[in-house]
Amino acid sequence: MAKQVASDIDWNNLGFDYMDLPYRFRAYYHDGKWQDAGLTEDSTLHISEGSTALHYGQADFEGMKAYRTKSGEIQLFRPDRNAKRMKDSCTRLLMPAFPEDQFVQAAKEVVKANADFVPPYGTGGTLYLRPLMIGVGGNIGVHAADEYIFTIFAMPVGSYFKGGMVPTNFITSDFDRAAHKGTGQSKVGGNYAASLLPGDEAHKNGFSDCIYLDPVNHEKIEEVGSANFFGITKDNKFITPKSPSILPSITKYSLLWLAKNRLGLEVEEGDVYIDQLDQFTKAGACGTAAVISPIGGISHHGNLHVFYSETEVGPITTQLYDMLTGIQFGDVEAPEGWVQKV
Ligand code: PLP
Ligand code: COI
């Protein structure tokens, strides 16, 4: 695959697609420590057929973005949170975490080395970073690997869901994404493997993605396959599900904080019953890739529940979107520690 050339990119029409940029960070864990760390131009990995990542899913990852500000500088949004969450995912999969401060440093190195690929301010595009760790080496028994590869690669992206800040419809799934005491809280490859079939069914039926319900009774909303869920009630309360099997979204916790402290809304992490959607006037999916993607309606057992509108975005969702993206692109003052210059 040929290396991506920046001048070939149509910045205003970016999707969410892989590109082979000039540089990525790579580090190798062997003999009990991380070593041989640095940038490389090689976008391929040469690993043993016995690698635990291939057989037993010993693999975790992160998703974060670099933003071009109006003055042309580049900044990261809460990268320390991604470093911490990856450490937690590593703990769950018995992998040696890459040190959190070095994680943030490595992310900055990747952004700097690929600075020509950070989309211009005003296009809405961002440089998406994908930190990834895999268990490697010759193994066959079900146990943790002795060797690991950590990498951070990057690519410019636009909207994850078609249209971005335009409402689209979602559908509940009869499948579970994760169990309460499984790996739902961790950002591990297996969760996404389990979501491929339900996600494909949703797409084939014209929905953006599926919404998973609690794995015990299928009564409460858990999250979207690639983002967390939130709803805004008739009396303007911001509610988002609480469950041991959903990914603790950095975007969701940022929105909870902003809704409470900047918009003065009441906020709650609690139960969101699928048969009580009438309490909400608006709903959305939120995440690094999804940003805020308004949910027009949710189809459940053949009935489509429409929120504010299938085509228009509600005013609070718009306010939250403008505040979040304003902070990320440097136009709105960020809470202490939320943005880091590259
Ligand atoms: N839930 C799932 C399953 C995800 O894949 C993501 C994306 O990272 C999120 C939620 C949102 O998390 P964050 O806001 O940290 O990107
Ligand atoms: C993200 O939002 O960064 C994600 O990881 C979601 C999806 C692309 C898997």
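The rules behind these values
- Residues numbered from 1 in each chain as written.
- Chains lettered and ligands numbered in written order.
- Predicted model: local features only at pLDDT ≥ 70, side-chain atom pairs only at ≥ 80, totals over all residues.
- Helix = DSSP H or I, 4+ residues; strand = E, 2+ residues; numbered from the N terminus.
- Rg over C-alpha atoms; globule rule 2.2 N^0.38 Å.
- Buried ≥ 20, exposed ≤ 12 C-beta atoms within 10 Å, placed from the backbone.
- Contact = placed C-beta atoms within 7 Å.
- Near = placed C-beta within 6 Å.
- Nonpolar A, V, L, I, M, F, W, Y, C, P; charged D, E, K, R; others polar.
- UniProt positions renumbered as here; feature names shortened; annotations may be inferred.
- Domains from an automatic or database assignment.
- pLDDT = per-residue confidence, 0-100.
- Expected span 1.5 Å × (residues − 1).
- Bend = angle between axes of the 7 residues up to and from the residue.
- Core = buried A, V, L, I, M, F, W, Y, C linked by C-beta atoms within 7 Å.

In terms of regular secondary structure, the protein chain is built from six helices and 17 strands. A globule of 342 residues ought to have a C-alpha radius of gyration of about 20 Å, and the protein chain, at 20 Å, matches this closely. If you line up the protein chain on its principal axes, its C-alpha atoms span 55 × 50 × 35 Å. Split into buried and exposed, the 342 residues of the protein chain put 44% on the buried side. Expressed as a percentage of contacts within the protein chain between residues at least 6 apart in sequence, the contacts between residues at least 24 apart total 69%.

Close contacts around ligand 2 come from Gly63, Ser226, Gly287, Thr288 and Ala289, and that covers them all. For the shell around ligand 2, the class distribution of residues is one nonpolar, four polar and no charged.

So, about the UniProt feature "modified residue: N6-(pyridoxal phosphate)lysine" (unreviewed entry) in the protein chain. Mapped onto the present numbering, the UniProt feature "modified residue: N6-(pyridoxal phosphate)lysine" (unreviewed entry) falls at Lys187. Checked against the element boundaries, Lys187 lands in the loop between β8 (168–172) and α4 (189–204). Sequence-distant contacts of Lys187, defined by excluding residues within four places in its chain, comprise Asp60, Phe61, Glu62, Arg85, Ser89 and Leu247.

Glancing now at the domain arrangement of the protein chain. Once the domains are mapped, the protein chain shows domain 1 (6–157) and domain 2 (168–329). The C-alpha centroid of domain 2 is placed 25 Å from the C-alpha centroid of domain 1. Taken together, the contacts link 21 residues of domain 1 with twelve residues of domain 2. At the level of elements, β3 (59–61), β4 (64–68) and α2 (79–92) are the ones that each hand at least two residues to the side of domain 1 that touches domain 2. For the side of domain 1 that touches domain 2, the element with the most residues is α2, which contributes six residues. For the side of domain 1 that touches domain 2, a count of residues per class yields eight nonpolar, five polar and eight charged.

Right, let's talk about the confidence of the model for the protein chain for a bit. In this model, the protein chain carries a mean pLDDT of 95, and residues with pLDDT of at least 70 account for 99%. Scored as a whole, the predicted complex attains pTM 0.96, and scored at its interfaces, ipTM 0.98.

Right, let's talk about α4 for a bit. The end-to-end C-alpha separation of α4 is 23 Å, in line with the 22 Å expected for 16 residues at 1.5 Å each. A bend of about 40° at Leu196 is the largest found in α4, and the proline Pro198 appears one to four places after it. Of the residues making up α4, those classed as buried are Asn191, Ser195, Pro198, Gly199 and Ala202. Buried residues belonging to α4 abut β8 and β9 (210–213).

For the rest of this paragraph, the subject is the site of ligand 1. The environment of ligand 1 is formed by Gly63, Glu223, Ser226, Ala227, Asn228, Leu247, Ser249, Ile250, Thr251, Lys252, Gly287 and Thr288. With three residues, the top contributor of residues to the shell around ligand 1 is helix α5 (residues 250–261). Residue composition of the shell around ligand 1, by class: three nonpolar, seven polar and two charged.

Before going further, it helps to examine the nonpolar core. Grouped together as the largest cluster of nonpolar side chains are 42 residues, with contacts concentrated most on Ala107, Val110, Leu127, Leu129, Met133, Tyr148 and Ala154. Among the elements of the structure, β1 (24–30), β4, β5 (74–77), α2, α3 (100–113), β6 (126–136) and β7 (147–157) are those that each provide at least two residues to this core. Here this core takes seven residues from β7, the largest share from any one element. Excluding residues within four positions of it along the chain, Leu129 makes contact with Met64, Lys65, Ala66, Ala107, Val110, Ile152 and Ala154.

Our focus in this paragraph is the environment of Asn303. As for its placement among the helices and strands, Asn303 is situated in strand β16 (residues 303–306). As for Asn303 and Ile171, which are separated by 132 residues in sequence, their C-alpha atoms are 9.6 Å apart.

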